[in-house]
Amino acid sequence: MNKAFSDLLKTGFIAVCVIFISITEIACTQSASSMVLYLPSDSAPIRLKALNKNAQQGLISKPEKNAQLLYGFEKSPDFYVFTHTGRYALELEFELLQEHAQDSARTAHPAQETGSLKSAAAADTEVPSAQFTVGFLYEEHFTASGALKKDASPRYQLVVQELPEQHLTVSLGFTGTQRQSAAVYGFAVQAAVPLKLLRAAVVPAQYGWLKTGSTHWFGVSADGGIIPPGITGTGDNSFAAFSTELPRPSHIARLAPIATAKTQAAGYLPPAASPAAVQPGASSTSAVHISQSPADARLQPEYDQLILHFDPSRTLHRRVEQESESDQPQSVSRQPQLFFQCGNQQVSVFMAPHLTRLTLDGSLFPDSAFSVQQLDTEPGLIGVTARCVSIHPLSPIPADAGLIVHWPQEHWRQPAYELFSWESFPSVLIFDFADYAAQDAYLKRLAFFADKKGYAGSLISDARMKAFHGFNAHDYRAETLAAFFQKAAQEQFPLNDSELHLQTILLHNGIIRKTEQGIEAGEGAILSISRQIPAYLRLRLLTHECLHGIYFTQEGFRNIVADVFEHTDPRSRLFLRRYFEADPRLNYNTSDSYLLQNEYMAYILQQSPSYLQEYYLTRLARHWAIRAAEPELCKYITATNAEAFVQVAEEMSRFLYAHWGIKGGRIYLAELKRF
């Protein structure tokens, strides 16, 4: 072997060794981990790359020696589809190891009068000391060979000053005002106490905080945020008033880079009713499934929602139960109520046994960001979150009944009406029409078919219907709606365009269904009011119609009404029945016992008990039609001071209050007022 060949072998051997050492170094720093990253829809999970020893098992066991979990993402097209839309986030679920939970809770922090969640990037002061931080790693954190740089640290982090005792879930949006288009390479976690990473998933982006049981959830954009001890609820001020500042999710989404055809196909929003869109941190250890096709979803308009979360098992719930058992359960002053400042508006919320959330549509708040501050120190609030959802044009906007009355008409999605779902009773849909003409086009023929004496069960022509009054407000259960459209189909009756559109809305929302037998009832009911109703009457008429919605959908309430109806003073009951028959504007089919009891209940509960006597004595008993038809019954109601109606109103109202925190004269839980 000559010297030249020997030198060549040596050189080749050295080069191979260098390459082997480099590969070994990269393999050591980017080894496979036991953790996978679950992706939305039908995308297959991808495995996370462990960038340090702790990450291989997803465990920080001895933070005094190594307090970090460092992970890299696979450069998968399926993954980057979601990171570049501005609509998704990385969600990480952690378990704090039990043997160290008490040490975590005892960690000292200065007491704060209030908690405040805000962007770390926007904070004027230096980020305070923390028990937990997490942030994204970008290209600048890695060497050209792909190794993590020494002492690499995320610039924008979610900072938790004091950890909860058991479970922590954090959500980091892939886009923010500071980091908009940079590709995400990985993430870094640092903790002062032992913890284990249980799950990693890409989920729809939501921002804010939520405390449910032993789990605390925090969501921020890529800009990060600071979570003070007051919000984690582990300090002395766990029931302090909270202040929260959140970005508008739709604004963050618009900051994302321009999507390619592939990202447009996959980077869609979850529908408003999707489980993935409803509860932060709700996804399981399996992939997040979104039940809407990307092609359909990306065509839907995007809407911001601000959601206040409540815990009905806390003191406020117990107080409501105590009030429901008292002799006077209807006292507004005694019902717990929370107050919040949201921008330049005040939101007041009555506490109720079932109340876990209040959805506030983003259109109610014109500011560029959401700001929520509790104005009292009552317990009960357990979270404030913001999300962006797609709502199909045929789907309703969820809202409390108290918000619908003064909903800004300029934000309606259609010029003729807006469609809502009553958040306390989601299967009850509420139409608010622009005027009586629009309402009549959709519902007048239904009124005769459902309720009018001499016409019930019949489809009458436009010409015949034109001479008669319909109703100023409407209510129909699923069974009636199905019967109406089934009869029209069987008789090939020419419905107008508005009625056909109503049928489409009802089918879309499951209130009626098409089967082999024809059109059948689904679940729910519809109600309607009109903007043409005088302002001072809108709330009363909406209250009246909403009471019908409860009657339609809640069997327990129907049973109470039936019992009260049977035990009402017979002459007082007859007075109402004759009023329904005598007033030509109503002309109810009183032979229908279901309709009779339903209207009996609504006419008693549509006003507060304190106003009920005045209403019956000065309005109904003096109405010209009933006075002409039944003068003796009118005298009887006046002589008895309408006492029979007061008694039954209290009994029915007590049931409503105990179950849903509402009562006669007030079916809403939330009000919105400008400062």
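Residues numbered from 1 in each chain as written. Predicted model: local features only at pLDDT ≥ 70, side-chain atom pairs only at ≥ 80, totals over all residues. Heavy atoms only, no water.

Enquirer: Got a minute to help me understand the sheet that holds strand β22 (residues 397–399) in this structure?
Expert: The strands making up a sheet are joined through hydrogen bonds of the backbone, oriented either antiparallel or parallel. Here five strands make up an open sheet; going across it, the order is β22-β23-β24-β28-β25 and the pairing mixed. Of all the strands in the sheet, the pair left with one neighbour each is β22 and β25 (474–477). Between one strand axis and the next, the sheet turns by 30° as a mean value, whatever way the strands run. Two elements, strand β23 (residues 417–422) and strand β24 (residues 425–433), share six bridges in a ladder whose sense is antiparallel. Considered in β24, the bridge of Phe 420 is made with Ile 430. Where helix α15 (residues 497–508) meets the sheet, its contacts fall on β23, β24 and β28 (525–530), and the angle it forms with β23 comes to roughly 25°. Running at roughly 175° to β28, helix α16 (residues 535–553) makes contact with β23, β24, β25 and β28 of the sheet. (Pairing = 2+ DSSP bridges. Helix = DSSP H or I, 4+ residues; strand = E, 2+ residues; numbered from the N terminus. Axes fitted to C-alpha atoms, helices over the stretch in contact; angles between N-to-C directions. Contact = heavy atoms within 4.5 Å.)

Enquirer: Would you take a moment to explain helix α19 (residues 593–605) for this structure?
Expert: For the α-helix, the turn length of 3.6 residues means that residues three or four positions removed from each other point alike. Taking 1.5 Å as the rise per residue, α19 with 13 residues should run 18 Å; its terminal C-alpha atoms sit 18 Å apart, in good agreement. Buried residues dominate α19, accounting for 12 of its 13 residues. Turning to α19, its buried residues are Tyr 594, Leu 595, Leu 596, Gln 597, Asn 598, Glu 599, Tyr 600, Met 601, Ala 602, Tyr 603, Ile 604 and Leu 605. Where α19 is buried, its residues contact β25, α16, α17 (555–567), α18 (570–582), α20 (609–620) and α23 (643–660). Two or three places before Tyr 594, at the start of α19, stands the capping residue Asp 592, its side-chain oxygen 3.1 Å from that residue's backbone nitrogen. (Expected span 1.5 Å × (residues − 1). Buried < 20%, exposed > 50% of the residue type's maximum accessible area, 1.4 Å probe, protein only. Polar contact = N/O pair within 3.5 Å; in protein donor to acceptor, adjacent residues only side chain to side chain.)

Enquirer: Would you take a moment to explain the packing of aromatic side chains for this structure?
Expert: In this description, a pair of aromatic rings is defined by centroid distance and the angle of the planes. By the definition in use, this model includes 37 aromatic pairs. Consider the rings of Phe 73 and Phe 187, whose centres lie 5.8 Å apart with planes at 40°: the pair is tilted. Taken together, the positions of Phe 73 in the loop between β4 (68–72) and α3 (77–83) and Phe 187 in strand β10 (residues 186–191) put the pair 114 residues apart, joining distant regions of the chain. Among the residues examined, Phe 73 registers a relative accessible area of 2% and is labelled buried. Measuring from ring centre to ring centre gives 5.9 Å for Phe 79 and Phe 174, while their planes differ by 90°; the resulting arrangement is edge-to-face. Separated by 95 residues along the polypeptide, Phe 79 in helix α3 and Phe 174 in the loop between β9 (167–173) and β10 bring together distant segments of the chain. No difference in accessibility class separates Phe 79 from Phe 174, as the two residues are buried. Its guanidinium or amino end placed over the ring of Phe 350, Arg 666 lies 4.0 Å from that ring's centre, counting from NZ or CZ. Above the face of the Tyr 668 ring, Arg 666 is positioned so that its terminal group lies 5.8 Å from the ring centre. (Phe/Tyr/Trp six-rings, centres within 6.5 Å; stacked < 30°, edge-to-face > 60°. Lys NZ or Arg CZ within 6 Å of the ring centre and 35° of its normal.)

Enquirer: Help me out: how do you make sense of helix α22 (residues 631–639) in this one?
Expert: What α22 keeps buried is the set Leu 633, Cys 634 and Ile 637. Buried residues of α22 fall within an arc of 105° about the axis and therefore sit on the same side. Set apart from the buried face of α22 by more than 90 degrees, the exposed residues are Glu 632, Lys 635 and Ala 639. Summarising the contacts, the buried residues of α22 are in contact with α18, α20, α21 (624–629) and α23. (Arc of directions from axis to C-beta.)

Enquirer: Looking at this model, I keep getting lost on the nonpolar core. Mind explaining?
Expert: Among soluble globular proteins, nonpolar side chains are generally buried collectively. Core analysis: the largest hydrophobic core is formed by 174 residues, its most contacted members being Phe 132 and Tyr 616. Looking at this core element by element, the count peaks at nine residues for α19. Sequence-distant contacts of Tyr 616, that is, excluding residues within four places in its chain, are made with Phe 575, Leu 576, Tyr 603, Ile 604, Gln 607, Ala 621, Ala 642 and Phe 645. The next biggest cluster of nonpolar side chains, apart from the first, holds five residues, and it includes Leu 70, Leu 137, Phe 142 and Ala 188. (Core = buried A, V, L, I, M, F, W, Y, C linked by side-chain atoms within 4.5 Å.)

Enquirer: How should I be thinking about the pattern of salt bridges in this particular structure?
Expert: Pairing between side chains of opposite charge can happen when the charged atoms of each approach one another. Per the stated rule, a full pass over the model turns up 17 salt bridges. Put simply, Lys 635 and Glu 632 hold a salt bridge, and the shortest N to O gap is 3.7 Å. In this pair, Lys 635 and Glu 632 are both assigned in helix α22, three residues apart and thus about one turn of the helix distant. With a relative accessible area of 55%, Lys 635 lands in the exposed category. (Salt bridge = Lys/Arg side-chain N within 4 Å of Asp/Glu carboxyl O.)

Enquirer: Quick question: what am I supposed to make of the environment of Ser 348 here?
Expert: Mapped onto the elements, Ser 348 comes out in strand β18 (residues 345–350). Along the backbone, Ser 348 and Leu 338 are 10 residues apart, and their C-alpha atoms lie at a distance of 5.7 Å. Apart from the residues within four sequence positions on either side, Ser 348 is in contact with Gln 337, Leu 338, Phe 339, Leu 669, Ala 670 and Glu 671.

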